[in-house]
Amino acid sequence: MKKYAFGVDIGGTTVKIGLFKTNGELMDTWEIKTRTEDGGANILPDIAEAINAKLAEKGIAIGEVEGIGMGVPGPVDDEGCVLGCVNLGWGVFNAAKEMKALTGLTTEVGNDANVAALGEMWMGGGKGHSSIVMVTLGTGVGGGVILNGKIVPGTNGAAGEIGHMTMVDDETEVCGCGKCGCLEQYTSANGVARVAKKYVEEHAEIATKLREVENITSKEVFDFAREGDEVALHIVDETGKMLGKALAYISCVMDPESFVIGGGMSKAGDILIDAIKKHFVKYAFHASRDTEFKVATLGNLAGIYGSVKMVL
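Reading the values: the criteria
- Residues numbered from 1 in each chain as written.
- Predicted model: local features only at pLDDT ≥ 70, side-chain atom pairs only at ≥ 80, totals over all residues.
- Heavy atoms only, no water.
- Helix = DSSP H or I, 4+ residues; strand = E, 2+ residues; numbered from the N terminus.
- Rg over C-alpha atoms; globule rule 2.2 N^0.38 Å.
- Buried < 20%, exposed > 50% of the residue type's maximum accessible area, 1.4 Å probe, protein only.
- Contact = heavy atoms within 4.5 Å.
- Areas by Shrake-Rupley, 256 points an atom, 1.4 Å probe, with all protein chains shown as cover.
- Lys, Arg positive; Asp, Glu negative; His and termini not counted.
- Charge placed at Lys NZ, Arg CZ, Asp CG, Glu CD.
- Salt bridge = Lys/Arg side-chain N within 4 Å of Asp/Glu carboxyl O.
- Pairing = 2+ DSSP bridges.
- Arc of directions from axis to C-beta.
- Polar contact = N/O pair within 3.5 Å; in protein donor to acceptor, adjacent residues only side chain to side chain.
- pLDDT = per-residue confidence, 0-100.
- Axes fitted to C-alpha atoms, helices over the stretch in contact; angles between N-to-C directions.

**Student:** I'm lost on the overall build of the protein in this one. Help?
**Tutor:** A tally of helices and strands in the protein yields ten helices and twelve strands. A globule of 312 residues ought to have a C-alpha radius of gyration of about 20 Å, and the protein, at 21 Å, matches this closely. When the backbone C-alpha atoms are referred to their principal axes, the protein occupies close to 70 × 45 × 35 Å. Within the protein, buried positions represent 52% of all 312 residues. The contacts of the protein with a sequence gap of at least 6 include a subset with a gap of at least 24, amounting to 60%. Accessible surface, the protein as shown: approximately 14200 Å² in total, 49% of it carbon and sulfur. With 29 positive and 42 negative side-chain charges, the protein shows a separation of 4 Å between the mean positions of the two kinds.

As structure tokens, then:
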């Protein structure tokens, strides 16, 4: 094993890059702009230029580098071929081969959510486990599946898209994916706020602090629930029920050692985790009821940690 490796997390606005020692020590991290014009043609050359500049700055020879790992916001197959990234302007091409041609370094590429899950397994909330499911609760609901220390991408690169499990058959509002009744519509930060607003409007007879808020957010729902607000507590419980049931379904197929909860909404902490666990136990197969629930710890760095782990 060589001494160094690079982790790259490509987002629609910025690219995060980390220089690591291969023992997992993060030596340096920085960002460059994601230039999505011209079909994203400049993205990989810009990353290669940034990596070469860092090697020169640190006096590191290319022969000391194990390789580059990259997480991208789209499906990726086992060969490092990106199957389209709308946010980057990319179509279908082999990003691993192109980056190797630009840098001379072995490159591994994966979907960003799966890569973040790998990072959390390696050095974050899932540390000590080899099989986890990461659940990201933010603007949407995403996930990543790690089995025996390796990413499970799925045949179409769509494994881990747990936010688009259909949970409510009679929903009429359309999810961003084009379906109706997706988990994301109820348990993302936007989803929790939507459910809370609707409930407050439909139950005018119930007193709640949420009625005093002009634009309800998920943070206010959890904050008021901690204060004992009846409606906020109900919304938190319903959120826990929806997630608990969905994760129980997943445990019947995956049977992970741990569910790692990340994304901005994970900052709610125990009140959210406890609500999920309460309902998970009800719906889970008996052999899986003791599955651990952890909060992700790497935050925005999970992607670069996971990218490096792919190389190792």
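**Student:** For this particular structure, what's the right way to read the pattern of salt bridges?
**Tutor:** Think of it this way: side chains of opposite charge can pair up when their charged atoms draw near. With the rule as written, the count across this model stands at twelve salt bridges. Across the pair Lys-294 and Glu-292 runs a salt bridge whose closest N-O atoms are separated by 3.9 Å. With relative accessibility at 34%, the residue Lys-294 sits in the partly exposed group. Given a relative accessible area of 34%, Glu-292 falls into the partly exposed group.

**Student:** Honestly, the pairing of strand E6 (residues 90-94) in this entry has me stumped. Any pointers?
**Tutor:** Along any regular strand, the residues point their side chains to alternate faces of the sheet. Direction of pairing for strand E5 (residues 81-85) relative to E6: antiparallel, over a ladder of four bridges. Bridged to Val-82 within E6 is Phe-93.

**Student:** Help me understand the side chain of Ser-258 in this model?
**Tutor:** Here Ser-258 lies in strand E11 (residues 258-262). Leave out the neighbours within four places in its chain, and Ser-258 touches His-129, Ser-131, Ile-132, Val-133, Thr-291, Glu-292 and Lys-294.

**Student:** Would you mind going over helix H3 (residues 95-103) with me for this structure?
**Tutor:** For an α-helix the count is 3.6 residues per turn, leaving residues at separations of three or four pointing the same way. Every buried residue belonging to H3 is among Ala-95, Ala-96, Met-99 and Thr-103, and all of these are buried. What you see down the axis of H3 is that its buried residues fit within an arc of 100°, all on one side. Of the exposed residues in H3, those oriented more than 90 degrees away from the buried face are Lys-97 and Ala-101. The inward-facing, buried residues of H3 abut helix H2 (43-58), strand E4 (65-72), E5, E6 and strand E7 (107-111). Capping the start of H3, Asn-94 holds a side-chain oxygen 3.2 Å from the backbone nitrogen of Ala-96, two or three residues further along. At the exit of H3 stands Gly-104, carrying a positive phi of roughly 80°.

**Student:** What should I look at first to understand the confidence of the model for the protein in this one?
**Tutor:** Considering every residue of the protein, the mean pLDDT works out to 95; 100% of them sit at 70 or more. Per-residue pLDDT, averaged within each element of the protein, yields its smallest value for E5 (89) and its largest for H2 (98).

**Student:** So what exactly am I meant to see when it comes to the sheet that holds strand E12 (residues 292-295) here?
**Tutor:** Reading across from one edge, E10-E9-E8-E11-E12 is the order of the five strands in this open sheet, with mixed pairing throughout. Each edge of the sheet is formed by a strand with only one pairing partner; in this case those strands are strand E10 (150-151) and E12. Sheet contacts for helix H4 (residues 112-123): strand E8 (132-137), strand E9 (141-147), E10 and E11; angle to E9, the most-contacted strand, approximately 55°. The sheet strands contacting helix H9 (residues 270-283) are E8, E11 and E12, and the helix crosses E12 at an angle near 160°.

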